[in-house]
Amino acid sequence: MMKITSFGEVLWDNFPNYKVLDGAPLNVLVRLSALGADCSLISRHGNDQDGEALLKQVQNTIATDLIQVDNQYPTSLVNVQLDKHGNASYDVVYPCAWDNIAATEAAKTRIAQSDAFIYGSLGVRDERSRQALNELLPHAKFKIFDANLRKPHYDVIHLREMMNQADFIRLNDDELYEIAAALGSPYHGLEQHIHYLAEHTQTQHFCITLGGYGALYYRNGEIFAHHGYRVNVIDTVGAGDNFLFSRLYLPIPATQRTQRNACLCLCIRRDCRFTARRNPKNFHERYFDVYESAIMVFRLRFNFQAA
């Protein structure tokens, strides 16, 4: 059984008319867990009603023993606004409980036992959680950095440090251009930026999501592309998390690692995203239903652990 651990934010998204449990580290685990993976989240919530509701919603989906309780800071809230195209902007209230995550011995043990450890930039915007992550990273076998840039909650110095430690990096195209420029890339093209960052960070695996234009996968100097499928966009919240979850869950056997054909189908459907959260036990069946109709998931057919 695949064992995955993630570190970082867990929060409530406040949309204009409703509230939804969210957080990139949580989203990836919910989807992986629904398909049989052993998933655990290292995070922190407040000692309040939102924290109690958070635990109640996820406790039957992922392991919650590493989600800490904070008596000083509240459970995280994020105010979300959608534009006419369904693209989201976020106001991540600071400070909150996951700004104070601790590196416990139990967390170190769990990470050492995991096949992969996922972390991002938002969950370490505060020095306390950043220090905890730095203590945990040396225990990981395979480190996955999922950027998740949210202004003003990051800086170039810490981004570089986290990318330099990663074995696998996922960015969207806007993040790619921004980070490449900040790290001194002399180029203007997307693929040139990827090669530059790979050399700059010594990371041999990149996935770049391109919104409605599909995705790119970089592996050891080669780039594989798929231009995606047309879908009716409701909103883009969690789209990158769907991408990463599928990328982790659907590798192919080692004997096919050199196969160049890639199949990618990325869905941005809010109803599917809610299905995973509200009824995770039924998500496995739902997942394959929407896959057959090209609604939800992508496959990029290269093992991310390939040499």
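Because the structure is a prediction, the values reported are computed rather than measured.

Between helix 6 (residues 173–182) and helix 7 (residues 190–201), the least distance of the axes is 10 Å, while the angle of their chain directions is 60 degrees. Overall, the two elements helix 6 and helix 7 adopt an arrangement that is oblique. In terms of crossing hand, the pair formed by helix 6 and helix 7 is left-handed. The segment helix 6 lies against helix 7, with Asp-173, Leu-176, Tyr-177, Ile-179 and Ala-180 engaging Leu-190, His-193, Ile-194, Tyr-196 and Leu-197. Partitioned by chemical class, the residues of the contact of helix 6 with helix 7 number eight nonpolar, one polar and one charged.

Turning our eyes to something else, we now look at the environment of Lys-108. Examined against the element boundaries, Lys-108 turns out to sit in helix 3 (residues 105–113). For the pair Lys-108 and Leu-137, spaced 29 residues apart in the sequence, the C-alpha separation amounts to 8.6 Å.

Here the focus is the nonpolar core. Phe-7, Ile-42, Phe-117, Tyr-119, Phe-145, Leu-197 and Phe-206 are the most contacted members of the largest nonpolar core, which totals 46 residues. With five residues, helix 7 is the single largest residue contributor to this core. Filtering out sequence-adjacent residues up to four positions away, Ile-42 remains in contact with Thr-5, Ser-6, Phe-7, Gly-8, Leu-66, Gln-68, Ile-101, Ala-107, Ile-111, Phe-117 and Leu-136. If you look at the next biggest cluster of nonpolar residues, it comprises 24 residues, including Ile-4, Leu-29, Ile-118 and Ile-144.

Here we come to the sheet that holds strand 12 (residues 215–219). Taking strand neighbours across the sheet as the criterion, the nine strands line up as 5-4-1-8-9-10-11-12-13 in an open arrangement whose pairing is mixed. Both edges of this open sheet fall to strand 5 (67–70) and strand 13 (222–226), since each of them pairs with a single strand only. For this sheet, the mean angle separating the axes of adjacent strands, direction not counted, is 15 degrees. Two elements, strand 8 (residues 116–120) and strand 9 (residues 143–146), share four bridges in a ladder whose sense is parallel. Its bridge partner lying in strand 9, Tyr-119 is registered against Phe-145. Together, strand 10 (168–172) and strand 11 (205–209) form the strand contacts of helix 6, whose direction differs from that of strand 10 by roughly 105 degrees.

What counts as what
- Sequence order as written defines the numbering, with residues in each chain counted from 1.
- Only residues with pLDDT of 70 or above have their local features reported here, since the model is predicted, and side-chain atom pairs are shown and tallied only from 80 upward, although totals for entire chains, interfaces and linings are computed over all residues.
- Excluded from the side-chain calculation are hydrogens and water; included are all heavy atoms of the structure.
- What counts as an axis is a line fitted to C-alpha atoms, over the stretch in contact for a helix, and the angles between N-to-C directions run from 0 to 180 degrees.
- Secondary structure elements follow DSSP: runs of H or I no shorter than four residues count as helices, runs of E no shorter than two count as strands, and numbering proceeds from the N terminus.
- Each angle gets one of four labels, with under 35 degrees taken as roughly parallel, over 145 as roughly antiparallel, 65 to 115 as roughly perpendicular, and the rest as oblique.
- In this scheme the handedness of a crossing depends on how the near helix is turned from the far one: anticlockwise by less than a right angle means left-handed, clockwise means right-handed.
- Contact criterion: two residues are considered in contact whenever any of their non-hydrogen atoms come within 4.5 Å of each other.
- Each residue gets one label: Ala, Val, Leu, Ile, Met, Phe, Trp, Tyr, Cys and Pro are nonpolar, Asp, Glu, Lys and Arg are charged, and the others, such as Gly, are polar.
- Remark: nonpolar core denotes a set of buried residues (Ala, Val, Leu, Ile, Met, Phe, Trp, Tyr, Cys) joined through side-chain atoms within 4.5 Å.
- A simple rule labels every residue: compare its accessible area, found with a 1.4 Å probe on the protein chains alone, to the largest value its type can have, and call it buried under 20%, exposed over 50%, or partly exposed in between.
- Paired strands, as defined in this entry, are two strands with at least two bridges between them according to DSSP.

Taken by themselves, the reported measurements are silent on function.
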